[in-house]
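# Report on the structure
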Amino acid sequence: MNFLRGVMGGQSAGPQTSGAETVQKLCDRVASSTLLDDRRDAVRALKALSKKYRLEVGSQAMEHLVNVLQTDRSDSEIIGYALDTLCNLISNEVEEEEPADESEEENAQKTNSDDLAGQFAEIFIKQQENLTLLLSLLEEFDFHVRWPAVKLLTALLKNQGQQVQQIILVSPMGVSRMMDLLADSREVIRNDGLLLLQQLTKANAAIQKIVAFENAFERLLDIITEEGMSDGGIVVEDCLLLLLNLMKNNSSNQNFFKEGSYIQRMKPWFEVAEDNSGWSAQKVTNLHLMLQLVRVLVSPVNPPGATSSCQKSAFQCGLLQQLCTILMATGVPADILTETINTVSEVIRGSQVNQDYFASVNAPSNPPRPAIVVLLMSMVNERQPFVLRCAVLYCFQCFLYKNQKGQAEIVTTLLPATIDANSISAGQLLCGGLFSTDSLSNWCAAVALAHALQDNSLQKEQLLRVQLATSLGNPPVSLLQQCTNILSQGSKVQTRVGLLMLLSTWMTNCPIAVTHFLHNQTNVPFLTAQISENLGEEEQLVQGLCALLLGICIYYNENSLENYTKEKLKQLIEKRIGKEIFIEKLAYISKHELYSRAGQKPQPSYNSPEQMLFDHEFTKLVKELEVLITKAVQKSSEDEKKEEEVKKSLEQHDSIVNQYKELIREQDMQLNELKKQVTTLTNQNEQSQTTITQQTSQIQQLRDQYNLLKVQGKPLESQHHIHNEAAQINGIQPKADAEEIGRLQEEIEKLKKQHDQLEGQLAEKESVIDKLRTNQTTGNAAEVCTDAAGEQTQLCKPIAVGEAASGDNDSASASMKISELESRLAALDDENQKLKDQVQLLTDEQKTLNQQLASTNSTVAILETDKRKLQQEVTESKKEQDDLLVLLADQDQKIFGFKNKLKELGEPVEDEDDLESADQEDDDDDELS
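Residues numbered from 1 in each chain as written. Predicted model: local features only at pLDDT ≥ 70, side-chain atom pairs only at ≥ 80, totals over all residues. Heavy atoms only, no water.

This brings us to the pattern of salt bridges. Taken as a whole and judged by the stated rule, the model has 23 salt bridges. Between aspartate 72 and arginine 39 there is a salt bridge; the shortest N-O distance is 3.1 Å. Pair noted here: aspartate 72 is in the loop between helix H4 (54-71) and helix H5 (76-90) and arginine 39 is in helix H3 (residues 36-49), with a separation of 33 residues, a long-range link. Under the relative-accessibility criterion, aspartate 72 is labelled buried at 7%. Residue arginine 39 is classed as buried on the basis of its relative accessible area of 14%. Linking glutamate 617 and lysine 620 is a salt bridge whose minimum nitrogen-to-oxygen distance equals 3.3 Å. With glutamate 617 and lysine 620 both in helix H36 (residues 616-634) and 3 residues apart, this pair spans about one turn of that helix. One network of salt bridges, with partners in common, ties together Asp37, Arg40, Asp41, Arg44, Asp75 and Glu77. (Salt bridge = Lys/Arg side-chain N within 4 Å of Asp/Glu carboxyl O. Helix = DSSP H or I, 4+ residues; strand = E, 2+ residues; numbered from the N terminus. Buried < 20%, exposed > 50% of the residue type's maximum accessible area, 1.4 Å probe, protein only.)

A few words now on unusual backbone geometry. Look at alanine 203: it is not a glycine, yet its phi comes out positive at around 55°. Here alanine 203 falls in the exposed class, since its relative accessible area comes to 81%. Phi is positive for asparagine 215, close to 70°, though the residue is something other than glycine. Among the structural elements, asparagine 215 can be located in the loop between helix H13 (205-213) and helix H14 (216-226).

Following the sequence through the fold, serine 441 ends up in helix H26 (residues 439-453). For serine 441, the side chain forms a polar contact with the side chain of aspartate 438, separated by 2.8 Å. Dropping the residues within four chain positions of it, serine 441 is found in contact with Met379, Val380, Arg389, Gly433 and Ser436. (Polar contact = N/O pair within 3.5 Å; in protein donor to acceptor, adjacent residues only side chain to side chain. Contact = heavy atoms within 4.5 Å.)

Enumeration over the complete set of coordinates arrives at 7 cavities of 30 Å³ or more. One number sums up the size of the largest cavity: a volume of about 90 Å³. Looking at the largest cavity, it is lined by 15 residues, and the ones nearest its centre are Ala598, Gln603, Pro604, Tyr606 and Phe614. Listed by contribution, the elements that provide at least two residues to the lining of the largest cavity are helix H23 (386-400), H26 and helix H35 (593-598). Looking at side-chain class alone, the lining of the largest cavity contains 8 nonpolar, 4 polar and 3 charged residues. (1 Å grid on protein atoms, 1.4 Å probe; cavity = no way out; pocket = protein on both sides within 12 Å on 5 of 7 lines; lining within 4 Å. Points joined across faces, edges and corners; volume = space filled by probe spheres on them. Nonpolar A, V, L, I, M, F, W, Y, C, P; charged D, E, K, R; others polar.)

So, about the environment of isoleucine 629. Here isoleucine 629 lies in helix H36. Spatially, the C-alpha atoms of isoleucine 629 and alanine 547 are 9.4 Å apart, while their sequence positions differ by 82 residues. Setting aside residues up to four positions removed in sequence, isoleucine 629 forms contacts with Leu548, Gly551, Ile552, Phe582 and Leu586.

Of the residues making up helix H16 (residues 251-259), those classed as buried are Asn253, Gln254, Phe257 and Lys258. Along the axis of H16, the buried residues cluster in a sector spanning 140°; they form a single face. Tucked into the core, H16 has its buried residues touching H13, H14, helix H15 (234-247), helix H17 (281-297) and helix H18 (304-316). Following H16 by one or two positions, serine 261 adopts a phi angle in the positive range, close to 60°. (Arc of directions from axis to C-beta.)

For the protein chain, per-residue confidence averages 81 on the pLDDT scale, and residues scoring 70 or more make up 78% of the total. Across residues 1-17, where pLDDT falls below 50, the model places 25 contacts with residues more than four positions away in sequence or in other chains. (pLDDT = per-residue confidence, 0-100.)

Right, let's talk about the side chain of asparagine 403 for a bit. With respect to the helices and strands, asparagine 403 occurs in the loop between H23 and helix H24 (404-412). Residue classification places asparagine 403 among the buried residues on the basis of a relative accessible area of 1%. In this structure the side chain of asparagine 403 is engaged in a polar contact, spanning 3.5 Å, whose partner is the side chain of glutamine 355. Every residue in contact with asparagine 403, bar those within four places of it in the chain, is listed here: Gln352 and Gln355.

Here the focus is the environment of glutamine 292. Tracing the chain through its elements places glutamine 292 in helix H17. Those residues within four positions of glutamine 292 in sequence are excluded, and the remaining contacts are Leu244 and Glu339.

Another aspect to go through is the packing of helix H8 (residues 128-137) against helix H9 (residues 143-159). Contact geometry of H8 with H9 gives a least axis separation of 9 Å together with a crossing angle of 140°. The pairing of H8 with H9 is recorded here as oblique in orientation. The handedness of the crossing between H8 and H9 comes out as left-handed. Between H8 and H9, the residues in contact are Leu131, Leu134, Leu135 and Leu137 and Val145, Ala149, Leu152, Leu153 and Leu156, respectively. (Axes fitted to C-alpha atoms, helices over the stretch in contact; angles between N-to-C directions. Parallel < 35°, antiparallel > 145°, perpendicular 65-115°, else oblique. Left-handed = near helix turned anticlockwise from the far one by under 90°.)

Here's what the structure looks like:
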């Protein structure tokens, strides 16, 4: 308000004063009139004056207009006038009606009024209730209320965007009311609603997410389809701008867009007719925004998982195929073709499936040529637009990014066995561009070829086989040698920078290429001469790259050439250049103004061809190599020896640790096997104990049964049954063969028959004895006795023999069975004793295994302790080494600083190394020449 009062106070008398008085009277009428018609007329008059007397109306009437919005909601006409008046005050689009001859004072006043819109917007939103009131008016369907409310909100967002966004964010249903504008049947409100949402979603991820989840994607895509897609008008452009706002740098909305299958709905946007002539400016703008929208989804700066998922969807729905159709179509405007190339580049970058498809695309030419070849022809053609050549280079880089298969295909076209004289290949185009007279073609071809070698040691070695025919009658030279020849010829800075980047990429992590480079006796003197010279600023970058290349020759040197070992190259640097100067020259690369610009994003974006000096992937390579080369050059031979000794000791420690690890692994395996054996033997022992217990109890039962049968005199069958039971107890089943059972049954039957026969004979003899006894009672005793004696002699003999035989057989058979049972019982006792002995052996063996387990555990503990001690020693030695290196570096810096201070003070400074180098410089020059 102070600002407004100051401006008011500085105005001169005249019409402006009368205008202020008029505004004051109208404000009084709005505030004091009781009739609605009077207030409406006053507000209408304020609206008419709000453009010419903007300051007066804004400073005096704003509060009254807000009161009208609060109290007169029932009258849409007065609400519309009030909103229009506020919109005129806050909007920057004010009609200018000043006369042609403006004085300096009027110009100053006009300059001050430029900030009026922001000041009035700040005053309006200072009371958050005003904005809440305005949001509620969006629900009114009346055109005279809704439309000016939309315009007023848009003006507030333009002037006080962040503050208005924060208020809307906490306002219930605030975003939803704005989203309802897209469904309005009146195109004016819908179109202005699009502009409102554009302002609302700028640089506010939270509001962007809310708008997206309010079904914005579906509505916007429907509007784009209804308006004719790329052939549509300004409405399609507004929808696309809003989509870009919602998804740019917002991974959540990008993921929501992909998961909602909206990428598939983008494919019809890029369907172009066969006749591409006569593109309107609006169509070019629309298609350009559509391509930008695709690039937002597959941008390299997005999370890798999100980018690859969108790339996959673009291929599956045919969007990539449609873009490649535009790429190869004729009649497409140059800027659309350039943006299409950039879009295809990012759709295929890092996606093997998409890269393979792109490799299979052919241009509709006769004969058909691969799209890659056609694009490379444009890149090395100096007549093509600069932006188009940059886009082709970016496309080629994206095609080779993490694509070893594609890298191999490009390098293969350069090998002698695969060159086809009747067709143009990608390798031939790159070689042609590498050695053409156009420096931009040289740089682009060198960078493209470097990408074919990126992180691919196999292709670096394969490229060493490439031979080039320089001129008739001269023998072919290798590609590596030809690059160094062009460097030594002193071509343009851009050409030399490109070749040095190619050579640096080629020789990094490829000792064979380093050996080939050093094998040429002129290369190292050329590099040292370039680094040691005092040249202008333009040549400093070349000197830095030469230092980088020489550092690579040191770091990746296998010492296979006696004249150019690591140590000799470092001595050469120290004597010819100086370590400090060498490191200073190396640092020129990262200090260059275009270096940081190239490192920001993969796409090359330059305003002019002269600015194309660095490649994005090369900047990452420099970051890695600069530290390694600096350390390698600063190390003395003693430091290297110490480092080698430390490495050897570390390797020895590592080998010892590995041996211990192997020993521990073996012992662990043995321990596990012993544990398994102990478990098995323990189980067997438990089973044996159980079996012994059962057998002991059953043997005791059999003994009791045997003694009982022996006392009771049971028949042989019972004894045999007891024998079978004993056999069952000992694991000898009565199944003990069918033949054995049959044999025993036959023996029993025989014994039964013998027993029956003996009993029959005994009965007959007893009857004869009875007869003899009865005959003894007769009178003729002698005769009878004699006859009886004779008969007795005849008959009694067999009876006696039979009885004796029968008695002997029974007693012998019984004694045999008893002795057999006793012998089997004795055998069971022996077997029982054997099992007990076996149990004792198992117990002893278990004790032995437990002792071995304990000793193994103690050995493992000792080995683990030794291992920890060794690891601690290694860590301490590494720490000590790093501390020594830091101390040495600090000491060198301090000495160097003191020397510089002495030199600045005019004191003479003598350096022993400088004296020695001065004495030996001539000798070294003779040796190197």
